[in-house]
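Structural overview
Each chain is listed here by its residues.
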Amino acid sequence: MDPLEHVTQRREFIYSVTSVLFSLVTFALLQSGLTGLISHITAFQELPLSTFVWLVGAEWLKVGLVHLLSPATVGHGSGRTPFLHVNSKSAAPPGSRKSSTVTSFSKVLEFGGICWQTILCCGVCHIFMVLFGAPLLSKFVLTAQFSIILTGWMFVPLTFTFPAKDILKQVIYFSTWNTKLTSVLRAKLRFISTIGGAMAGVVLIPLDWDRPWQVWPVPTLFSAFLTVFAVNTAFSLYTLLNQFYPWMKPSTSRVSSSSAGGNNYKTKNY
Amino acid sequence: MSKVENVSVVAFLCFGMIVGALVFSRGFLLNRQTIHETAGPCLHSSQRSLHIRPTESEPHLPKTVGDHGLDGMANWCNPTPPFPKLILVLVDALRFDFVQRMQFLSEITGKGNSSAGHHKGGSLTSCVFKFLADPPTTTMQRLKALMTGTMPTFIDASANFNSYEVEEDSLIYQLYSAGKRIAFLGDDTWISLFPQKYFKSRFVEAHPSFNAWDLDTVDKAVNKTMQEIFLTPHKDDWDILISHLLGVDHCGHRYGPSHPEMARKLHEADSIIKHVFNSMSNDTLLVIFGDHGMTATGDHGGDSKDETESAVIFISKQFYKYNSPFQCAAELAISQIDLVPTIALLLGIPIPYSSIGQVIPAFLQNKINSDAIAANVAQVNKYIQNFPSMLTTSEKTTSNVDNSNLIQQYKLIQEAYEAYKSFPNLTSREKLRKSSEMYLKQVKSVAVSTWTQFNLPMIYTGVCITFLSVTSLIIYLSSVPFILRRRSSITSNYPAKVLSWLLPSLSHWSVLCTFVYHSISSSALLGIIVSTISGLVVFLLFYGLILFRMYKRIFVGYYYSRSREYYFSSFISVGLYVFTCLAMFSNSFTVYEGYMLGFALSLVSFIEVASSSRTTTTTIRTQQGFNFASSSSLLAPDNLLQTLATRKILKCSWSCFIILLILVRISFIFFRCREEQTTCSEEFLLHKQLASLPEDWLVHKYLRYGVSLLALAIFVVSFRHWMIYRCCKFSKKPRAIIARFIPSLLVVLLGVFWALQGLPYISCNASKIPLLMNYLPLVYQVVTVSAILCVSWKPICCIGHLKHLPYTNFSKLGRNQRVVNNSSKTRVESSRSTKPENYTNGVGHHPPDHPPQHKPLQPRSKLNTTIVFPFDIGGIQFCDCSNEDTYSSCFLTLASLITLLLVQVTSTGIVPAIILQAYVLVCLVGIFQKPSVKNSDSWSSAVAWTLTSQYFFYATGHQPIFSAIPWDSAFVGGGGGDLAATSPGAWLSWLRAGLAVIGNLHVSQVLTSITLPLLIHWSVDKRRVESLMGKSERQMAYILYGKYLALHGLKLLVCMGCAGWHRRHLMVWKIFAPKFIFEAVSFIITSSVSLLGMVFLTRVSYCHQKYLDFSQTA
């Protein structure tokens, strides 16, 4: 297995496990304060600050934890970076593939780029929500908060696979991701399921049950949260099984080999 | 042959779906059988002749009647009718609160209070009641109910402007047979409901009512005749005077209830009533009533409180010393059907046979009250004996309320009546009154629930037919490409040949069958059902046989012929579409369907953008696979399968997608509200015509005018520039000139027309303007329609330049030398399928098979990369890319002309939405373009197209409810004045008006259906040699049409299912039934326009082929 692939998997595993833990804690907290949360949302048209900070801060905490436990160090040289990095300028033609991990010099620059990217992602998320039918002005704060939270859930896992500096660009080329790479496949699945989960919540909104939690964005927030929880659980369980049970191991290798083999087979066919 | 086969199969299956819907509606909407019996003759008069009849002074009937008991009372008439004369003044759409706005009426009814008593203690009696209508609140249904005393059936609602005669017993008939001379003034709906012979007076004046924008003509005429009628020489020419004032209703339709015009109309009606009151004799009963109310926007048809509550006022100058001719109970809401028995008893005629109304409680004088009640009950009972199902269902429905059914209750009343007969004291009277009141109430509630009696076998048959048609269409579509391909490869004796002759003949078969059955059993319906089902079964059998014989090859070929993305996006988008259909089972999703469809449309295009990698073939992938196998590294930039070309295409489709999202989001503001949407509000009344806006919205008017005109102008200009830019330099032929100049001319005309329409209100007094307003739309429509006819007869309007096209294009080739050099090689590639090696040197620069395909948004980029493949055919060089443009320009021309035609009948506020729809369609073409023609008929594009047509139904300001039908677009066409049924050209104006309403209602369906081939013809890359023939695209377009229609049919099927399933639902008449009706109509429109589009496509390809042949020989 590619060493980077291995590192990515480890980092993602740590992320998932911490996410599951955080989600469980959130569940425990929600159990007592769910009705209070919803009534706060309906009353003030914004998430309570504590909830918001908790959800967003958790994301940053998770990233920090991942960095602490397993920095993105790859093979030849280079320091410890929290995010994967590719010098995108040399990325043009497929013929000339020169990859370089980042040096510690460009860390500062990279950090700026990442901040930028985060803000951009939040903005894009918000705009898409509005374009898909969220109210434009009347619930601006709520939508913005939700978009920030959702950005964390959707884009942070992508940074394990793709360079954080141009995540959005990669998302635009979403359909061309090479899913033969297991990490990319994972990222794709994760991304799709998060979006799908968030969108599935929409179904509840038009129903005429007149419940307080049927108002935008509560159902989508909850469905996205549940999906993220489910995905993380599934992934950490999957990795755990792969890691600790030897009879699962050949299967993974078989998967990778079969994918490669299938590849060869296909090319032969053509 | 294949095109005939394709078109005829799709047409036949669509026909099957429509038949299914009609059969279903026959079972679902039909509810009450009419009984052609009449009441009477009057008991007292007949008994006077047959038996020894005591004098009329007897307060109740003699013992001789007692033999019959209560049953014999059915034909009882009031022996002392207080009024020999009756004046009915029907003020159309007299909402209950309007009474307070009418000075005279509110004065006479006691300061506008709902319960009114004796007026100033003077010689006058007046009562005012709330008058509750049963839905549907359309005028014809209300008239029927008001005159027969029954519930109108739902199916009549859809035949409103084609009103047929009342076949049941009615008040009019009873008056006629009692020898009263009826005079009539007003709406001609009455004359179509009741035969002319009933109106025996000299004064019968019927005026056409269809022109709802004409506030004054009918009322003025009525007023004039009214003056005349009360002059002394004519005073005795009539006994009954019915007058129908239309102005208030029309004013409501045009301006809404709170416009100053409404005050004027109400005042006019008031003064007419005042005149009538002042000049009527003492023994005349004056009844003023409304047939329905109106909503806050002035529409009606539904069952909201505002629509159903109107007012009824009884006025008489007579005032007996001790008892008035009638007495008003306290504040009371009476039902509309109660009018019939009350008037019948007040005039001393028998209660019409089919009335189920109740005499207004405690309304008649005391001495006859009990008899009246008994007569009422007896008559109702006699009538409902015809409906044994009603008596049995009542047991179920009322078992928990009071443990008795109608039969038992009737027995109770009989006992009470007997008791009353023997001891006519207060308690027995009271008992009779109470029990009968209960009985009649129950009859009414049972009638409401039972007369929505469904014909279940019909419902099932309809659903079955539609289901079969949809299924066979889907099976046909998913396998026909392979069969066709196979047939083209094998020319020997083959079962498909039988098929190809069989399939077109199916429709003939059904027509034949219908006629045969028609001649045998004289019921065309059965024939149609049998023929359709048998045709479907035959089709399925034969087609299944063919599939069975070659299923292996088909399915193998099926799987490998398509890419994985194709299956993925098709599966997801069809799944989404099925979800949007199934969501119709939930009433809240039906109510918010517009928003849901917009969301689904965005989502489907999102899935398409996010799932298709836009690599033309799998070559690049396999090439990358090699790279991956050799050295797999995450950090390698090319682990994402991106070449420059794919990046470019992806960027194009993403930008298309985002523009689509923005357009869809903007179009939310054009939504109309329906009653169930609680938080919705219509601020700008965008669906109203410019002329019917409030006076003080001046800025808004200007803004709307400007925005609409600007949107149209941009649309037309960009269309023309696009054509010019795409080298479609127009020739000098008339059709090319039409395509080029007529749209701009039309926009100018339309601008003038709108400006006139939006002029400050002049009450049609300026003499020239009404004339202009009548003829301008006519001119406009004639010009547009003739242009459309011309274009569709000779569709190819810019190929005339094709001969010279290579010349102009080759001048550009200097810049694109490299691309042209590649062209010959690419042709080789296309024939030899794909080989990775071919691409190794082609990766560095722009690969020739990825032209940027988003034309509408970045037209300039096209210039540099248009790949031109010169062909030598008979010495003339052809440009293949212009071949595509020839096709697409035809459709663009036709579509823009049709858009302009439809824009005229819609309201000005909606015009930007229609233009938005055109842009959305262009964006969809950009998103769903496929690199090769093979996959261009994907289900996902059909789904997106279908969703667009359904979504823009809402986004162009419509809702599937009856009060939202845009009737007013029938009058913007002008010429509404000559809608009288008598004039010889009447059917023409009726047709025009009807088409205008349908055109307004189904703008989006018409547009999407006609532009569907653009998906095929505007997208493919220019490499294909066979596109010169256009055959494969044409087949693809047919299949795409089929898919589009199949998806619409699926929706129709689900709507039928919903309506059938929820037939006892509380909301069925409010939500599900209207939804079904609108869906059925929209399917009929969609399928017919789609068939026209297919024919047009055939015509285009035929003309194109002819032209090519011509130039080949030349």
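Residues numbered from 1 in each chain as written. Chains lettered and ligands numbered in written order. Predicted model: local features only at pLDDT ≥ 70, side-chain atom pairs only at ≥ 80, totals over all residues. Heavy atoms only, no water.

1. Description of the overall build of chain A
In terms of helices and strands, chain A carries eight helices and zero strands. Ordered by position from N to C terminus, the α and β elements of chain A give α-α-α-α-α-α-α-α. A fraction of 68% describes how many contacts in chain A between residues 6 or more apart in sequence connect residues 24 or more apart. With an accessible surface of roughly 13,400 Å², chain A has 72% of that area assigned to carbon and sulfur atoms. (Helix = DSSP H or I, 4+ residues; strand = E, 2+ residues; numbered from the N terminus. Contact = heavy atoms within 4.5 Å. Areas by Shrake-Rupley, 256 points an atom, 1.4 Å probe, with all protein chains shown as cover.)

2. Looking at the overall build of chain B
Summing up its helical and strand segments, chain B has 42 helices and 10 strands in all. For chain B, the proportion of contacts with a sequence separation of at least 24, taken over those separated by at least 6, is 80%. Accessible area of chain B: about 42,100 Å², with a carbon and sulfur share of 64%.

3. Some points on helix α13 (residues 339–347) of chain B
Residue and element names in this part refer to chain B. Summarising burial for α13: nine of the nine residues are buried, a large majority. Within α13, the full set of buried residues consists of Leu339, Val340, Pro341, Thr342, Ile343, Ala344, Leu345, Leu346 and Leu347. In the stretch just after α13, Gly348 is the one whose phi turns positive, near 75°. (Buried < 20%, exposed > 50% of the residue type's maximum accessible area, 1.4 Å probe, protein only.)

4. Brief notes about the sheet that holds strand β3 (residues 182–187) of chain B
Residues and elements named next belong to chain B. Strand order in the open sheet formed by eight strands is β4-β3-β5-β1-β6-β7-β2-β8, with mixed pairing between adjacent strands. Where the open sheet ends on each side, the last strands, each with one partner, are β4 (204–207) and β8 (333–335). Each strand axis lies, on average, 20° off the axis of its neighbour in the sheet, ignoring direction. Note that strand β6 (residues 284–289) and strand β7 (residues 309–316) share five bridges and pair antiparallel. Residue Phe289 lies in a different strand from β7, and its bridge partner there is Val312. Packing against the sheet, α13 makes contact with β1 (85–91), β2 (125–132), β5 (240–245), β6, β7 and β8, and its axis sits at approximately 170° to β6. (Pairing = 2+ DSSP bridges. Axes fitted to C-alpha atoms, helices over the stretch in contact; angles between N-to-C directions.)

5. Things to note about the UniProt feature "transmembrane region" (unreviewed entry) in chain A
Feature annotation in UniProt assigns "transmembrane region" (unreviewed entry) to the following positions: residues 13–30, 114–134, 140–160, 189–209 and 221–241 of chain A. Between the C-alpha atoms that bound residues 114–134 of chain A there is a distance of 27 Å. The span itself is 86% helix and 0% strand. (UniProt positions renumbered as here; feature names shortened; annotations may be inferred.)

6. With respect to a nonpolar patch on the surface
On the surface, Ile658(B), Ile662(B), Ile666(B) and Ile669(B) cluster together into a nonpolar patch covering about 320 Å² of accessible area. Tracing the backbone through its elements, the reader meets Ile666(B) in helix α26 (residues 644–666). (Patch = residues over 30% accessible without salt bridge, like charges linked within 9 Å, V, L, I, M, F, W, Y side chains within 5 Å. Salt bridge = Lys/Arg side-chain N within 4 Å of Asp/Glu carboxyl O.)

7. Brief notes about the pairing of β7(B)
Residues and elements named next belong to chain B. For β7, the tally of buried residues reaches eight of eight residues, placing the bulk of the element in the interior. Of the two faces of β7, the one holding Glu309, Ala311, Ile313 and Ile315 and the one holding Ser310, Val312, Phe314 and Ser316 are both buried throughout. As judged from the eight bridges shared by β2 and β7, these two strands associate in the antiparallel manner. Looking across to β7, one finds that Ser126 is bridged to Ile315.

8. Quick look at the packing of helix α9 (residues 217–229) of chain B against helix α11 (residues 260–279) of chain B
Residue and element names in this part refer to chain B. Between α9 and α11, whose axes approach to 10 Å, the crossing angle comes to 15°. The angle between α9 and α11 falls in the class roughly parallel. Crossing angle aside, the handedness with which α9 passes α11 is left-handed. In contact with Asp219, Asn223, Met226 and Gln227 of α9, α11 contributes Lys265, Glu268, Ile272, His275 and Val276. For the contact of α9 with α11, the per-class residue count stands at three nonpolar, three polar and three charged. (Parallel < 35°, antiparallel > 145°, perpendicular 65-115°, else oblique. Left-handed = near helix turned anticlockwise from the far one by under 90°. Nonpolar A, V, L, I, M, F, W, Y, C, P; charged D, E, K, R; others polar.)

9. Side note on the confidence of the model for chain A
Residue and element names in this part refer to chain A. Model confidence for chain A is summarised by a mean pLDDT of 75, while 74% of its residues fall at 70 or above. Every residue in residues 86–102 is under pLDDT 50, and counting partners more than four places away or in other chains gives 29 contacts. Counting interchain partners and residues more than four positions distant, the pLDDT-below-50 stretch residues 250–270 has 12 contacts. (pLDDT = per-residue confidence, 0-100.)

10. What about the environment of Tyr951(B)?
All names here are of chain B. By secondary structure assignment, the location of Tyr951 is in helix α36 (residues 939–955). Between the C-alpha atom of Tyr951 and that of Met596, which follows or precedes it by 355 residues, the distance is 8.5 Å. If sequence neighbours within four positions are ignored, Tyr951 has contacts with Gly594, Leu597, Gly598, Leu601, Val664, Ser667, Phe668 and Phe671.

11. Topic: unusual backbone geometry
All names here are of chain A. In this structure, Pro217 follows Trp216 across a cis peptide bond, with omega equal to -5°. If you check the backbone angles, Gln45 has positive phi at about 55° while not being a glycine. On the secondary structure map, Gln45 appears in the loop between α1 (3–44) and α2 (49–69).

12. Re the state of the cysteines
Residues and elements named next belong to chain B. Counting across every chain of the model gives zero disulfides over all chains. Cysteine Cys1055 is unpaired, with the sulfur of Cys1058 as its nearest cysteine sulfur at 5.7 Å. Classification of Cys1055 as buried rests on a relative accessible area of 2%. (Disulfide = S-S within 2.5 Å.)

13. Digging into the pattern of salt bridges
Residues and elements named next belong to chain B. One pass over the structure, following the stated rule, counts 16 salt bridges over all chains. Linking Arg95 and Asp97 is a salt bridge whose minimum nitrogen-to-oxygen distance equals 2.8 Å. Arg95 gets classed as buried once you look at its relative accessible area, which sits at 12%. For Asp97, a relative accessible area of 29% gives the class partly exposed.

14. Regarding helix α39 (residues 1003–1011) of chain B
Of all nine residues making up α39(B), nine are buried, and the element is well covered by its neighbours. Every buried residue belonging to α39(B) is among Val1003(B), Ser1004(B), Gln1005(B), Val1006(B), Leu1007(B), Thr1008(B), Ser1009(B), Ile1010(B) and Thr1011(B), and all of these are buried.

15. Let's talk about the packing of aromatic side chains
For any pair of aromatic rings, geometry is given as the distance between the ring centres together with the angle between the planes. All names here are of chain B. Here the structure, examined in full by the defined rule, presents 43 aromatic pairs over all chains. On the basis of an interplanar angle of 45° and a centroid distance of 5.9 Å, the ring pair of Phe962 and Phe1078 is categorised as tilted. Of this pair, Phe962 sits in the loop between α36 and α37 (969–972) while Phe1078 is found in helix α42 (residues 1068–1113), placing the two residues 116 residues apart along the sequence. For Phe962, a relative accessible area of 17% gives the class buried. Classification of Phe1078 by relative accessible area gives buried; the value is 6%. Joined through ring pairs, the aromatic side chains of Tyr592, Tyr595, Phe668, Phe671, Tyr951, Phe952, Phe953, Tyr954, Phe962 and Phe1078 make up one cluster. Over the ring of Trp238 we find Lys85; its NZ or CZ atom is 4.3 Å from the centre of that ring. A cation over a ring is seen here: Arg1099 above Trp793, with NZ or CZ 4.2 Å from the ring centre. (Phe/Tyr/Trp six-rings, centres within 6.5 Å; stacked < 30°, edge-to-face > 60°. Lys NZ or Arg CZ within 6 Å of the ring centre and 35° of its normal.)

16. Section: the pairing of β2(B)
All names here are of chain B. For β2, the tally of buried residues reaches six of eight residues, placing the bulk of the element in the interior. Across three bridges, the pairing between β2 and β8 is parallel. The residue bridging Leu132 from the neighbouring strand is Ser335, located in β8.

17. Concerning the side chain of Ser16(A)
Residue position: Ser16(A) is located in helix α1. Among residues more than four places away in sequence, those in contact with Ser16(A) are Arg190(A), Asn232(A), Phe235(A) and Ser236(A).

18. Section: the packing of helix α24 (residues 593–611) of chain B against α36(B)
Residues and elements named next belong to chain B. Here α24 crosses α36 at 155°, and the two axes come no closer than 9 Å. Classified by the angle their axes make, α24 and α36 are roughly antiparallel. In this structure, α24 meets α36 at a crossing whose hand is left-handed. In this structure, α24 contributes Glu593, Gly594, Leu597, Gly598, Ala600, Leu601, Val604 and Glu608 to the contact, and α36 contributes Ser940, Val943, Ala944, Leu947, Thr948, Gln950, Tyr951 and Tyr954. Of the residues in the contact of α24 with α36, the class split is nine nonpolar, five polar and two charged.

19. Regarding the confidence of the model for chain B
Interpretation of the predicted coordinates at a detailed level should be avoided for regions scoring low in pLDDT. All names here are of chain B. Per-residue confidence for chain B averages 73 on the pLDDT scale, and 68% of its residues sit at or above 70. Note that residues 615–641 has pLDDT below 50 and, in this model, 67 contacts with residues that lie over four places away or in other chains. Here residues 975–981 is modelled with pLDDT under 50, and outside its nearest four sequence neighbours on either side it reaches 13 contacts, counting other chains as well. We note a pTM of 0.74 for the whole complex and an ipTM of 0.83 for its interfaces.

20. Overview of the environment of Phe1096(B)
All names here are of chain B. Within the secondary structure, Phe1096 sits in helix α42. Sequence spacing of Phe1096 and Ser792 is 304 residues, and the spatial spacing of their C-alpha atoms is 6.6 Å. If near-sequence neighbours (up to four positions away) are discounted, Phe1096 is found in contact with Val791, Ser792, Pro795, Cys890, Phe891 and Leu894.

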